Amino acid sequence: MAEARTVRRLPVWAYLVLVVSYLVVIQTLPNLTRPEGADYGKFDTTESITRGLWVTVGLGSAIVLVALGVLRWWRPAFVEPVSLRLPRWVWVFPAVLLLAVVAGAAYSRLADQGLWFTLALLVGALLVGVSEEGMFRGIGVVTFREAGCSEGMVALWTSVVFGLAHATNLFSEGLGALPQVLVTAAAGYFFYVARRVSGGLLVPILVHGLWDFGAVSGRIGDTTYLGTFTFLLADVALVVVALVTIRKVFPRHLPGPDVSPRS
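Since the structure is predicted, the reported quantities are computational estimates derived from the model, not experimental observations.

### As for the overall build of the protein
Regarding its fold elements, the protein presents 11 helices and zero strands. In sequence order, the protein lays out its α and β elements as α-α-α-α-α-α-α-α-α-α-α. Counting across all 263 residues of the protein, residues that qualify as buried make up 46%. Contacts in the protein between residues far apart in sequence, at least 24 positions, make up 83% of those at least 6 positions apart. When the accessible surface of the protein is totalled, it reaches about 13400 Å², and 69% of it is carbon and sulfur.

### Brief notes about helix H9 (residues 178–198)
Between its first and last C-alpha atoms H9 spans 31 Å; for 21 residues at 1.5 Å apiece the expected length is 30 Å, and the two agree. Positioned one or two residues after H9, Gly199 has a phi angle of 95°, which is positive.

### Quick look at the nonpolar core
Residues Tyr15, Met135, Phe136, Ile139 and Tyr189 are the most contacted members of the largest nonpolar core, which totals 46 residues. Broken down by secondary-structure element, the contributors of at least two residues to this core are helix H1 (12–28), helix H2 (46–71), helix H4 (92–104), helix H6 (115–146), helix H7 (151–165), H9, helix H10 (202–217) and helix H11 (228–249).

### Overview of the confidence of the model for the protein
Model confidence for the protein is summarised by a mean pLDDT of 89, while 86% of its residues fall at 70 or above. In this model, residues 254–263 is a region of pLDDT below 50 whose contacts with residues beyond four sequence positions or in other chains number 16 contacts.

### So, the pattern of salt bridges
Following the criterion strictly, the structure yields six salt bridges and no others. A salt bridge links Glu47 to Arg51; the nearest nitrogen and oxygen atoms lie 2.5 Å apart. Pair noted here: Glu47 and Arg51 are both in helix H2, with a separation of four residues, about one helical turn. Using a relative accessible area of 35% as the deciding quantity, one classes Arg51 as partly exposed.

### Some thoughts on H4
In this model H4 runs 18 Å from its N-terminal to its C-terminal C-alpha over 13 residues, within 8% of the 18 Å that 1.5 Å per residue would give. Taken as a whole, H4 has its buried residues at Phe93, Pro94, Leu97, Ala100, Val101 and Gly104. In a view along the axis of H4, the buried residues occupy a sector of 120°, so they form one face of it. In H4, the exposed positions angled more than 90 degrees off the buried face are occupied by Leu99, Val102 and Ala103. The inward-facing, buried residues of H4 contact helix H5 (107–113), H9, H10 and H11.

Reading the values: the criteria
Residues numbered from 1 in each chain as written. Predicted model: local features only at pLDDT ≥ 70, side-chain atom pairs only at ≥ 80, totals over all residues. Heavy atoms only, no water. Helix = DSSP H or I, 4+ residues; strand = E, 2+ residues; numbered from the N terminus. Buried < 20%, exposed > 50% of the residue type's maximum accessible area, 1.4 Å probe, protein only. Contact = heavy atoms within 4.5 Å. Areas by Shrake-Rupley, 256 points an atom, 1.4 Å probe, with all protein chains shown as cover. Expected span 1.5 Å × (residues − 1). Core = buried A, V, L, I, M, F, W, Y, C linked by side-chain atoms within 4.5 Å. pLDDT = per-residue confidence, 0-100. Salt bridge = Lys/Arg side-chain N within 4 Å of Asp/Glu carboxyl O. Arc of directions from axis to C-beta.

This is how it looks when you write it as structure tokens:
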């Protein structure tokens, strides 16, 4: 009989080292390929997308996939245990995020840029979902669960790490990136509950990617796009929902199930 494959463990400190290494790679190497004069997070040509965004998210996705392969965490990272599924009303979180994308995307600006630009931006945004959800709601969630954290602490720490990871934008955007840290931490919670209600990582990946696609589309051109405020309103509304429902998502005195990854 074949010997069972061993599932490796990742201490929290090692996970944090992995996150820092991931950030160093995706923040530095793309500077070598990004078109000269291109602004961070702003794309006006297909070349700026392929040489800037694709390189960043391609490297990030590769790091995540290699880490999952080494750890043998494919199933625990991508599939949520049935015992941890949340009730159906929690679908309100991904639903509101998607509604904001539909209402707030800059369709006219995308049309002006053309089909290939739009498709390149969509592919890049979806790869953002693969890269960031894989690192934070995939590897991160499993790491903190394996460390013995309650689900409330798993949600908290993965969201905090996700928010702090975006503090690296301070080097490219200055102090204007500080509010983004808080907004991103809140978004991390929204993606976490999307994982638990949907039963896995696929929905958070898709919602995250589409959210970034819609948000970035509003940065095309030199003028402010009013639809961008739709994304801010969605964030505020979901923060209120999250605060009101926190005890429904994480009831007290409820013992957590064994969610150790298995080969």
